[in-house]
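# Descriptive analysis of the structure
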Amino acid sequence: MRILASVEAMPIDKLGLREENLEAFKKLLQMPYGLILVVGPTGSGKTTTLHAALGYINTPNKKIWTAEDPVEIVQEGLRQVQVKPKIGLDFARVLRSFLRADPDIIMIGETRDEETARTVIEASLTGHLVFTTLHTNSAPETVTRLLGMGMDPYNFADALLGILAQRLAKRLCPNCKEPYQPSEEEIDLLIEEYGEHPTTPLTREAFKEATLFKPRGCSSCNNTGYKGRLAIHELLVANDEIRELIVKNAPVHEIRDAAMRAGMLTLKQDGIWKVLQGLTDLKQIRAVSIR
């Protein structure tokens, strides 16, 4: 059973994006047309992020239509359609109907098949800003997944604005988390887990200003030490180098390296910065991210 805490869209500033990612994501949302993908496993908050993005650009002069399965969050000013595959009303069919009515912004709940993927890319190349979700593990893998579905690399490279991958990790209970001074071994471990990054390296300097916390447990969090969840993100913004790699059908590691040179932090790296902010711990970041 999925229980929704509220049926209203979350403000975009409350998503927990790092300042740099938030600014870059807001810039993508201001684009007149193109494709923005939000990816991650089931229950990772993709719909919440998409509705927060739509809420940010939802103005009376924008015509925004969505196709969802099911409609979980309702926003005033949006035209929301619930798909019903049993009667043939699937995402691809709804999207084709949308295109005849020419909305400014289209949100497709999930790209599940080749037909939907083709229509999504076609829509984003014909003057629409299109949002959709996909079940992939990381932002760079999304590119190779869509190309593997038979997408035309040239059209996809032209259409793509950005890909936001996300996961939810447990948040340390704010009432009982204990501050502590990490040992030299733990600092080395965090730096090793973080790995190398061309633009945002993690150095020992960062630990001088950071306060690390560990879980303790209290009546507020059922003695678990954790209460609530926070999102970790990986934002790939398509630039000329990444578009060239898409056209060449380059392997995942080349796309990842190019994205990191442009400033992308991997899910684990974003999570480790949130450990340094005292929001969670390395155990929880390891539990939801591989690299």
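Residues numbered from 1 in each chain as written. Predicted model: local features only at pLDDT ≥ 70, side-chain atom pairs only at ≥ 80, totals over all residues. Heavy atoms only, no water.

With an unreviewed UniProt entry as reference, the chain is termed AAA+ ATPase domain-containing protein, source organism Thermodesulfatator autotrophicus. Under the UniProt heading Sequence similarities (unreviewed entry), the entry covering the chain gives this text: "Belongs to the GSP E family." (UniProt positions renumbered as here; feature names shortened; annotations may be inferred.)

Take helix 10 (residues 252-261) next. Along helix 10, the residues classified as buried are Ile255, Arg256, Ala258, Ala259 and Met260. For helix 10, the secondary structure elements touched by its buried residues are helix 5 (139-148), strand 9 (226-237), helix 9 (240-247) and helix 11 (267-276). Trailing helix 10 by a residue or two, Gly263 shows a phi angle of about 110°, which is positive. (Buried < 20%, exposed > 50% of the residue type's maximum accessible area, 1.4 Å probe, protein only. Helix = DSSP H or I, 4+ residues; strand = E, 2+ residues; numbered from the N terminus. Contact = heavy atoms within 4.5 Å.)

A few words now on the nonpolar core. In a soluble, globular protein the nonpolar side chains are often hidden away together inside. Core analysis: the largest hydrophobic core is formed by 41 residues, its most contacted members being Leu35, Leu37, Leu146, Phe156, Ile163, Leu236 and Ile246. Once residues within four sequence positions are removed from consideration, Leu236 is found in contact with Ala139, Pro140, Leu161, Gly162, Ile163, Ile242, Ile255, Ala259 and Met264. Counting residues in each nonpolar core, the second largest holds 23 residues, with Leu28, Ile36, Val38 and Ile105 among its members. (Core = buried A, V, L, I, M, F, W, Y, C linked by side-chain atoms within 4.5 Å.)

Here we take up the packing of helix 5 against helix 10. Helix packing geometry: the angle between the two helix axes and the distance between the axes. It is at 8 Å that the axes of helix 5 and helix 10 come closest, and there the two elements cross at 135°. One element, helix 5, and the other, helix 10, form an angle in the oblique class. By crossing handedness, the relation of helix 5 to helix 10 is classed as right-handed. On helix 10, the residues that touch Pro140, Glu141, Val143 and Thr144 of helix 5 are Val252, Ile255 and Arg256. Looking at the contact of helix 5 with helix 10, its residues break down into four nonpolar, one polar and two charged. (Axes fitted to C-alpha atoms, helices over the stretch in contact; angles between N-to-C directions. Parallel < 35°, antiparallel > 145°, perpendicular 65-115°, else oblique. Left-handed = near helix turned anticlockwise from the far one by under 90°. Nonpolar A, V, L, I, M, F, W, Y, C, P; charged D, E, K, R; others polar.)

Glancing now at the pairing of strand 1 (residues 34-39). Residues in a regular strand project their side chains so that they alternate between the two faces of the sheet. In terms of burial, strand 1 is a largely internal element, six of the six residues being buried. Alternating positions in strand 1 separate into two faces, Gly34, Ile36 and Val38 on one and Leu35, Leu37 and Val39 on the other, with burial throughout. As judged from the six bridges shared by strand 1 and strand 5 (residues 129-134), these two strands associate in the parallel manner. Counted as the bridge partner of Leu37 is Thr132 from strand 5. For strand 1 and strand 6 (residues 160-172), the ladder comprises five bridges, and the chain directions are parallel. By the bridge assignment for strand 6, Leu35 is matched with Leu160. (Pairing = 2+ DSSP bridges.)

This part is about the sheet that holds strand 3 (residues 78-82). On the basis of which strands lie adjacent, the open sheet formed by seven strands has the order 3-2-4-5-1-6-9 and mixed pairing. A strand with exactly one partner marks an edge of an open sheet, and here the two such strands are strand 3 and strand 9. Across the sheet, the mean angle separating the axes of adjacent strands is 15° when strand polarity is ignored. Across four bridges, strand 4 (residues 105-108) lies against strand 5 in parallel orientation. Following the sheet pairing, Ile108 is matched in strand 5 by Thr132.

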